[in-house]
Amino acid sequence: MEAKLAFPQDSPPLAILCAAKVAGVSLTIDPKLASGSAPTLHLGSGDFIHGVNTILRYIARVASVTSFYGQDTIQAAYVDQWLDYAPVILSGSEFEAACSFLDGYLASRTFLVSYGLSIADIVIWSNLAGTGQRWESLRRSKKYQNLVRWFNSVADYSDTLDEVVSAYVGKRGIGKSPAPSLKEKLPDSKQTISTPEVDLPGAKVGEVCVRFAPEPSGYLHIGHAKAGLLNKYFAERYKGRLIVRFDDTNPSKESNEFVENVLKDVETLGIKYDIVTYTSDYFPLLMEMAENLIKQGKAYVDDTPKEQMRTERMDGVESKCRNNTVEDNLSLWKEMINGTERGMQCCVRGKLDMQDPNKSLRDPVYYRCNTDPHHRVGSQYKVYPTYDFACPFVDALEGVTHALRSSEYHDRNAQYYRILQEMGLRRVEIYEFSRLNMVYTVLSKRKLLWFVQNKKVEDWTDPRFPTVQGIVRRGLKVEALVQFILEQGASKNLNLMEWDKLWTINKKIIDPVCGRHTAVLKDQRVLLTLTNGPEEPFIRVLPRHKKYEGAGKKATTFTNKIWLERADASVISIGEEVTLMDWGNAIVKEIKTENGIITELLGELHLEGSVKMTKLKLTWLPDIEDLVSLSLVEFDYLIKKKKLEEDENFLDNLNPCTRQEFLALGDANMRNLKQGEIIQLERKGYYRCDAPFIRSSKPIVLFAIPDGRQKSGTN
């Protein structure tokens, strides 16, 4: 099989590269992904596989080596455990402990799993080799003799392993891939990512556990990205654990599609987690806790109509059901569990304090009925806990030490602590940060869902959406998003952020490396005939980026008839000397018009002329059949008001025109553009290829990327 492995140049996935060599999987290497991105394996079929362990498991299954993934399901499970364990070796302070553990484990074993070489051996081997000089120093010592014996035997198994290591590992380890040649050296980057220098209250290194808890009721958006990246930051800073937990307590809004795409977005953001859990894993325990609180008189079942209950809570009026007997409450609770008509009229409320000035403490709802099937557990349950009830309970059970919550939950923090107290569970510290708000943008998933359901956008990945997938599809590099969010740190100040700042960071990342191409608008082009131009077309090979040879080459055709933009042609005077970019000067001798509109120019080349003396520097395309059709798409904000007030309806502020399409012609080299590739169209701006060339009758679709200076719509 043939496959292409894409990965960031600064972090080559050594385990995959080594495993592929041993497995006999032929790889084409493409080290051009953005820093922090997970590796992707592109198969010849057009499919792709994303993530280190996912790719490793695929390689193990297609390997030519016998039993590379174990001989049965039990051994395959052992292999999976080793794949999950491997990153510990690279985790700094854990390195020596990992070596000691491995040395003891291998005291009576030749291989890690069973009696033959498996991908587990290759992965652990490559993670050791990936530490560079650190492992080599131990290897020369006599400290871990069993581990060194095993390491040498694996190296002897395939002499290609040392070749891979020498190609991708520097003295300091895998984090330093070999420097590119001078000709292909990446432009110097002076950007630094500013991280929030803040402390978690009571945090101890090695003991911190945080959780990122999205609800699977939509795709992650830029606001969720801030929460996820801050959790990642604190987990790494304190060498702690990070749990990704799906708060799946509302079956009416949730789906497996959202779960899968949230995990995809988490990986895109480079958030490394220890485990994925679901609140639904704890449904039996949550129901047991609710029943215990009822028995203790700390909760009651209420059948007050919803609107009346809301009014009573606002006014501090106790419900008529507040003093029901425990027996009556348990009877109604059973009706709720069974989803009967009587039970559907009820909910479980905590008996806290109806007179508290903080209204969140006025007997909040703990449980409510819902007969919609759940995306994980089907129709097993008819009752579901509220977020406010489930969140503190699961936080305490999972060992969370610090719960990061945006400041919009501030008034409910007292409720969170009080519920933990009522349950008799340990305290979890809440750490607040400000919610990320963007101009001209709605971040409510309910409102975003309205745009999807009413076909105002393509789907959740629409480039006008503030979802992670939407803004990446628009042309935003993940490292720009990370830098933008971490520059704000864990500030508690409520700020309305400008999109232009984010796009400016993005431009600094893409401009030094993206290839340059040329395009002219189809209905706005004018033919320039060069009377002394080449009688026969000829081709020159030019760099796609004059300052970065890593962008590759392009073939440019020179002819005696070329296309200019009408906007350029309209400002040229007869007799004026202009510069044709990548060619030289020409003098315009005649301008033809029809009904006041320029239809054609006649001129002659003057290549000995000085390009410094001309006022106009013009892009152009040769008049040849090989030009490709382009669809240049520009986007605007979905809403037309910079900031919506709380009492304003977003439907009253919809932008009537959010997408514009312009047909153009592009140079023939654009046939080779790949989906997702970012380019610059000379004198037009930056674009991301959303649909590459398939056939001449179907245009290449390019999405315009804001550069932070022009009007930029992104939600």
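Conventions we followed
Residues numbered from 1 in each chain as written. Predicted model: local features only at pLDDT ≥ 70, side-chain atom pairs only at ≥ 80, totals over all residues. Heavy atoms only, no water. Helix = DSSP H or I, 4+ residues; strand = E, 2+ residues; numbered from the N terminus. Buried < 20%, exposed > 50% of the residue type's maximum accessible area, 1.4 Å probe, protein only. Contact = heavy atoms within 4.5 Å. Salt bridge = Lys/Arg side-chain N within 4 Å of Asp/Glu carboxyl O. Core = buried A, V, L, I, M, F, W, Y, C linked by side-chain atoms within 4.5 Å. Domains from an automatic or database assignment. Pairing = 2+ DSSP bridges. Right-handed = clockwise from strand over helix to strand, strands pointing away. Axes fitted to C-alpha atoms, helices over the stretch in contact; angles between N-to-C directions. Parallel < 35°, antiparallel > 145°, perpendicular 65-115°, else oblique. Left-handed = near helix turned anticlockwise from the far one by under 90°. Nonpolar A, V, L, I, M, F, W, Y, C, P; charged D, E, K, R; others polar. Arc of directions from axis to C-beta. Polar contact = N/O pair within 3.5 Å; in protein donor to acceptor, adjacent residues only side chain to side chain. Phe/Tyr/Trp six-rings, centres within 6.5 Å; stacked < 30°, edge-to-face > 60°. Lys NZ or Arg CZ within 6 Å of the ring centre and 35° of its normal.

As recorded by an unreviewed UniProt entry, the protein carries the name glutamate--tRNA ligase and is attributed to Oryza punctata.

A. Broad picture of the overall build of the protein. Summing up its helical and strand segments, the protein has 20 helices and 31 strands in all. Reported as C-alpha extents along the three principal axes, the dimensions of the protein are approximately 100 × 75 × 45 Å. Burial analysis of the protein (715 residues in total) assigns 52% to the buried set. Within the protein, residue pairs in contact and separated by at least 24 positions form 71% of the contacts whose partners lie at least 6 positions apart.

B. The pattern of salt bridges, seen in detail. All told, the structure shown has 34 salt bridges when counted by the stated rule. Where Arg322 meets Asp363, a salt bridge forms, and the shortest distance between an N and an O atom there is 2.7 Å. Remark: Asp363 occurs in the loop between strand E9 (347–350) and strand E10 (365–369) and Arg322 occurs in the loop between helix H12 (306–315) and helix H13 (326–338); sequence separation between them is 41 residues. Neither Arg322 nor Asp363 differs from the other in exposure class; each is buried.

C. Inspection of the nonpolar core at higher detail. Within the largest apolar cluster, 62 residues are counted, with the highest numbers of intra-cluster contacts made by Phe68, Trp125 and Trp150. With nine residues, helix H1 (residues 14–23) is the largest single contributor of residues to this core. Once residues lying within four places of it in the same chain are set aside, the contact partners of Trp125 are Cys18, Trp150, Phe151, Val154, Ala155, Leu161, Asp162 and Val165.

D. Up close: the domain arrangement of the protein. Looking at the assigned domains, one finds that the protein contains domain 1 (3–174), domain 2 (209–279 + 436–508), domain 3 (524–622) and domain 4 (628–705). Computed from C-alpha atoms alone, the centre-to-centre distance between domain 2 and domain 3 is 46 Å.

E. Representation of the pairing of strand E13 (residues 429–433) within the structure. Counting buried positions over the five residues of E13 gives four, a clear majority of the element. As defined by bridge partners, strand E12 (residues 402–406) adjoins E13 across five bridges and the pair is classed as parallel. The residue of E13 that forms the bridge with His402 is Glu429. This β-α-β element, E12 to helix H15 (residues 413–423) to E13, shows right-handed connectivity.

F. How the structure looks around the side chain of Thr556. Tracing the sequence through the fold places Thr556 in strand E20 (residues 553–558). For Thr556, a relative accessible area of 14% puts it in the buried group. With residues near it in sequence (within four places) discarded, Thr556 still touches Phe538, Ile539, Arg540, Leu542 and Trp620.

G. View of the environment of Lys142. Tracing the sequence through the fold places Lys142 in the loop between helix H6 (133–140) and helix H7 (145–157). Under the relative-accessibility criterion, Lys142 is labelled exposed at 71%. Spatially, the C-alpha atom of Lys142 lies 70 Å from that of Leu521, the residues being 379 residues apart in sequence.

H. Representation of the sheet that holds strand E16 (residues 515–517). With mixed pairing, seven strands are arranged side by side in an open sheet as E16-E29-E30-E31-E27-E28-E17. Two strands in the sheet have a free side with no partner beyond their single neighbour: E16 and strand E17 (519–521). Between one strand axis and the next, the sheet turns by 40° as a mean value, whatever way the strands run. Sheet analysis places E16 next to strand E29 (residues 678–681), joined by three bridges and oriented parallel. Bridging from a neighbouring strand, His517 pairs with Leu681 of E29.

I. A look at the sheet that holds strand E22 (residues 577–580). Pairing in this open sheet of seven strands is mixed, and the strands run E25-E22-E23-E24-E18-E21-E26 from one edge to the other. Pairing within the sheet leaves two strands with one partner each, and these edge strands are strand E25 (617–618) and strand E26 (621–622). Two strands pair when backbone bridges link them, and E22 and strand E23 (residues 584–594) are joined in this way by four bridges, in the antiparallel orientation. Its bridge partner being in E23, Leu580 is matched across the sheet by Gly584.

J. A look at the packing of H1 against helix H5 (residues 119–129). Taken N-terminus to C-terminus, the directions of H1 and H5 make an angle of 135°; their axes are 8 Å apart at the nearest point. Taken together, the axes of H1 and H5 are oblique relative to one another. In terms of crossing hand, the pair formed by H1 and H5 is right-handed. Residues Leu14, Ala15, Cys18, Ala19 and Val22 of H1 touch H5, and the partners they reach there are Ile119, Ile122, Val123, Trp125, Ser126, Asn127 and Ala129. Here the residues of the contact of H1 with H5 sort into 10 nonpolar, two polar and no charged.

K. Broad picture of helix H8 (residues 160–168). When H8 is considered as a whole, its buried residues turn out to be Thr160, Leu161, Val164, Val165 and Tyr168. For H8, the buried positions fall inside an angular range of 145° around the axis, keeping them on one side.

L. Broad picture of the environment of Arg342. Within the secondary structure layout, Arg342 lies in the loop between H13 and E9. Classification of Arg342 by relative accessible area gives partly exposed; the value is 33%. For Arg342 and Val244, which are 98 residues apart along the polypeptide, the C-alpha to C-alpha distance reads 37 Å. Among all residues touching Arg342, those that are not within four sequence positions of it are Asp303, Leu332 and Glu335. Within the structure, Arg342 has its side chain in polar contact with the side chain of Asp303 (distance 3.0 Å). Within the local environment of Arg342, its side chain forms a polar contact with the side chain of Gln345, the two groups lying 3.0 Å apart.

M. Here's a closer look at the packing of aromatic side chains. For the structure shown, the criterion picks out 32 aromatic pairs. Taken together, the ring pairs in this structure connect Tyr219, Phe258, Trp450, Phe451, Trp460, Phe465 and Phe650 into an aromatic cluster. The ring of Tyr278 carries Arg376 above its face, with NZ or CZ at 3.8 Å from the centroid. Over the aromatic face of Phe558 sits the side chain of Arg540, whose NZ or CZ is 4.7 Å from the ring centroid.

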